[in-house]
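# Results of the structural survey
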Amino acid sequence: MIYLQYLIDATAIGSLYALVALGIGLIFGVMRLVNFAHGELLMAGGYSLFVTSEWPTVLSILMAFVVVVVLALILERLAFRPLRGASPATMLVMTFAISFLLRAVAQKKWSAQGKAVNQLSGLNKAFTLGSLDIRWVTVVAIVVSSSLLIATQAFLTRTNLGLQMRAAASDFGTAQILGVRADRVVVGTFVLSGILATAAMLLFSVQRPVITPDWGLQIGLVALVGVVIGGLDRLGPATLGGFFVGFANSWLANLLPSDKRIFLDSALYGLVILVLLIRPAGLFQRHVIAERV
Amino acid sequence: MTTAVLSVRDLWVRYGNVPAVRGVSFDVFPGEVVALLGPNGAGKSSTLSAIMGRLGRQEGTIEFQGDSIVGLSPDKVARRGISLVPEGRHIFGDLTVDENLQLGMVSRGSQVGADEDLAWALELFPVLDDFMGRQAGLLSGGQQQQLAIARALVAQPQLMLLDEPSLGLAPSVIDIVFGALDSIRGRGRTIVIVEQRAARTAAFADRSFVIANGEIRLAINQNDEDTAEAIAAVYFGAEGAGEGRVDR
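These numbers were taken from a predicted model, which means no experiment stands behind them.

## Section: the overall build of chain A
Within chain A one finds eleven helices and four strands. Relative to the 2.2 N^0.38 estimate, which gives 19 Å for 293 residues, the radius of gyration of chain A is 19 Å and therefore close to what a compact globule would have. For chain A, the spread of C-alpha atoms along the three principal axes comes to 60 × 45 × 35 Å. Every one of the 293 residues in chain A was classed for burial, and the buried ones make up 46%.

## Quick word on the nonpolar core
In terms of nonpolar packing, the biggest core is built from 154 residues, with A:L16, A:Y17, A:V20, A:A200 and B:L161 touching the most fellow members. Examining the composition of this core, we find that 16 residues originate from one element, helix α1 (residues 2-31) of chain A, more than from any other. In contact with A:L16, not counting residues within four places along its chain, are A:A141, A:S145, A:A200, A:L203, A:F204 and A:G246.

## What about the sheet that holds strand β2 (residues 18-28) of chain B?
Residues and elements named next belong to chain B. Pairing is antiparallel across the open sheet formed by four strands, whose spatial order is β2-β1-β4-β5. Edge positions in the open sheet fall to β2 and β5 (67-68), since each of these has one partner strand only. As defined by bridge partners, strand β1 (residues 6-15) adjoins β2 across eight bridges and the pair is classed as antiparallel. Residue pairing across strands places W12 opposite R22, the latter belonging to β2. Across the sheet, helix α1 (residues 44-52) is in contact with β1, β2 and β4 (59-64); its angle to β2 comes to roughly 70 degrees.

## Re the sheet that holds strand β3 (residues 33-37) of chain B
Residues and elements named next belong to chain B. Read across the open sheet, the six strands follow the order β6-β7-β8-β3-β9-β10; overall the sheet is mixed. The open sheet is flanked by β6 (82-85) and β10 (215-221), the only strands paired with a single partner. When strand polarity is set aside, the average angle formed by the axes of neighbouring strands in this sheet is 15 degrees. Here β6 pairs with strand β7 (residues 159-163) via four bridges, running parallel. The residue bridging I82 from the neighbouring strand is L159, located in β7. Seen against the sheet, helix α6 (residues 141-153) touches β6 and β7 and runs at an angle of roughly 175 degrees to β6.

## Describing the pairing of β7(B)
Residue and element names in this part refer to chain B. Among the five residues that make up β7, five are buried, leaving the element largely enclosed by the rest of the structure. Taken together, the five bridges between β7 and strand β8 (residues 190-195) define a ladder with parallel strand orientation. Across the sheet, residue D163 finds its bridge partner in β8, namely V194. Between β7 and its parallel partner β8, the chain crosses via helix α7 (residues 171-186), and the hand of that crossover is right-handed.

## Focus on the packing of α1(A) against helix α8 (residues 182-207) of chain A
All names here are of chain A. Where α1 meets α8, the axes come as close as 8 Å, and the angle between the chain directions of the two elements is 165 degrees. With respect to each other, α1 and α8 are oriented roughly antiparallel. Note that α1 runs across α8; the crossing there is left-handed. Only V185, V186, T189, F190, L192, S193, L196, A197, A199, A200, L203 and F204 of α8 make contact with α1, whose side of the interface consists of L16, L19, V20, L22, G23, L26, I27, V30 and M31.

## Section: the interface of chain A and chain B
The interface is formed by 18 residues belonging to chain A together with 22 residues belonging to chain B. Looking at the side of chain A that touches chain B, the elements with two or more residues in it are α6 (160-170) and α7 (172-177) of chain A. Element by element, the count of residues in the side of chain A that touches chain B is highest for α6(A), at five residues. In terms of residue class, the side of chain A that touches chain B is made up of eight nonpolar, five polar and five charged.

## A few points about the packing of helix α2 (residues 38-51) of chain A against helix α3 (residues 57-80) of chain A
Residue and element names in this part refer to chain A. Running from amino to carboxyl end, α2 crosses α3 at an angle of 145 degrees, the nearest separation of the two axes being 9 Å. Both α2 and α3 take part in a crossing whose hand is right-handed. The segment α2 lies against α3, with L41, A44, G45, S48 and L49 engaging S60, M63, A64, V67, V68, L71 and A72. Partitioning the contact of α2 with α3 into residue classes produces nine nonpolar, three polar and no charged.

## Some details on the confidence of the model for chain A
Summing up the model confidence of chain A, the mean pLDDT is 90 and the portion of residues at 70 or higher is 97%. Note that residues 287-293 of chain A has pLDDT below 50 and, in this model, six contacts with residues that lie over four places away or in other chains.

## Considerations on the environment of A:V137
Residue and element names in this part refer to chain A. One can find V137 in helix α5 (residues 136-158). Judged by C-beta crowding, with 24 C-beta atoms within 10 Å, V137 ranks as buried. In this structure, the C-alpha to C-alpha distance between V137 and L268, residues 131 residues apart in sequence, is 24 Å. V137 has contacts with L123, N124, L203, V206 and Q207, leaving out every residue within four places of it along the chain.

## Details of the pairing of β4(B)
Residue and element names in this part refer to chain B. One ladder, built from five bridges, connects β1 with β4; its direction is antiparallel. Pairing of R9 across the sheet is with T61, part of β4. As defined by bridge partners, β4 adjoins β5 across two bridges and the pair is classed as antiparallel. The residue of β5 that forms the bridge with E63 is S68.

## Comments concerning the environment of B:R217
All names here are of chain B. Turning to its location among the elements, R217 is positioned in strand β10. Overall, the presence of 19 C-beta atoms within 10 Å leaves R217 in the partly exposed class. Sequence separation of R217 and G38 is 179 residues, and the distance between their C-alpha atoms is 9.5 Å. Each residue touching R217, except ones within four places of it in the same chain, is listed here: V210, I211, A212 and V234.

## Considerations on unusual backbone geometry
All names here are of chain B. Even without being glycine, D10 reaches a positive phi, approximately 50 degrees. By secondary structure assignment, the location of D10 is in strand β1. Even without glycine at this site, Q156 takes up a positive phi of about 55 degrees. Take Q156: it is sitting in the loop between α6 and β7.

Rules of the game
- Residues numbered from 1 in each chain as written.
- Chains lettered and ligands numbered in written order.
- Predicted model: local features only at pLDDT ≥ 70, side-chain atom pairs only at ≥ 80, totals over all residues.
- Helix = DSSP H or I, 4+ residues; strand = E, 2+ residues; numbered from the N terminus.
- Rg over C-alpha atoms; globule rule 2.2 N^0.38 Å.
- Buried ≥ 20, exposed ≤ 12 C-beta atoms within 10 Å, placed from the backbone.
- Core = buried A, V, L, I, M, F, W, Y, C linked by C-beta atoms within 7 Å.
- Contact = placed C-beta atoms within 7 Å.
- Pairing = 2+ DSSP bridges.
- Axes fitted to C-alpha atoms, helices over the stretch in contact; angles between N-to-C directions.
- Right-handed = clockwise from strand over helix to strand, strands pointing away.
- Parallel < 35°, antiparallel > 145°, perpendicular 65-115°, else oblique.
- Left-handed = near helix turned anticlockwise from the far one by under 90°.
- Nonpolar A, V, L, I, M, F, W, Y, C, P; charged D, E, K, R; others polar.
- pLDDT = per-residue confidence, 0-100.

This is the structure in structure tokens:
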């Protein structure tokens, strides 16, 4: 029964990482940009919760969405747009710089000491189901994440902007000669990615209520690893990869006896190395169908 | 005299210091089919890329319906009413045939008549109608070429540019492509077609320009007789020893 408990916990954590991974995957797809600074969007959202902690909860949450999306758009406009078409290495280094800069700014403003947020702490309450103690946050995390994944999928396949985003992700140059506006597609991608990041941030803040400058880095890094093991250039595998790494992270943490927890990261990243050695194109990558002759 | 749909004047395109197009000028009038012929590397595709705004840098003037389109980004050029069928087709392999065609409609000024244009494109290329829900990457090369032309057609272009549409196709598919182009011309659409294979395209086009080394060497009309030798001379002149030029 305890394993069922672990399974539920791991599924919840995995689904949150899936949201973060999907955001990273979207931006990579359209921009060919590995956004190392994606976690800093979550961090900014966390501090937004802290700053607005006196506000009514709903407004505070809405404000977090606004802060994250606006920050994502500012980064796009000031840092990524001028580099569009630059080499992937250049863009990657730019995202490193942004990540360090944002964390340094956060540290200057709010110090390295953590700031507690409690907007959604009510979700820490548990209900019992048979012999299981299930915290509300796990249920909410699973429901919210799967809804958002389905909604994103519907947006990408059913709307015209979504279709244009998929076309741009597949072949930006050809999308442009068909009349697709590059800026619109890129802005749409960053907005969507920011919304997903905020949703994940809100639910992570229940389990990790102490916001530090490195708060987002830890989450972003794990999600980024998930995206790479899943397969960087397809959204489905990238999202699954995020889920997988989050799931494994939580599962291992529960499984390891508490005095062995310090080996969690070594075990996890050992697994990552193994996966990359065996399947360098990604764990969930099908063999690519012959196309683009 | 009617105004030209497209007017290219003294166009120069350079990649680094190497000129690919050297002072090309030509006009295309409404309802005309104009061919740019020439051997590989002659500068034909670069000319189309320059018109489409895909090159960062070029010299000369390009006017479309009387307005300069130099410096416009490709998506703006597309929305002005120029559709390019790119060399190598460049269909979206992981999207369905239907989605590819929807993307073709992005640049339309108005959705009025979109359904009719789609129906017409499917009438020209019936095989697409059978595969609407299929991933485009699973189509054969010939089917992909038909999709690329249909995708350009549903944009309701004032001017259609085709870059090597018969490259790598089986003869039966080439017949389908030229048959469709003939129908498109029949509706008064204006077409510029770039081809390496001279004979069939020259017979099809109203006017042809034969390009070598980035320059127009020969202009011929559809009803000119005995052009084959003159065309061959340009091709061989370009391929053979001449002018201390680098083979590319």
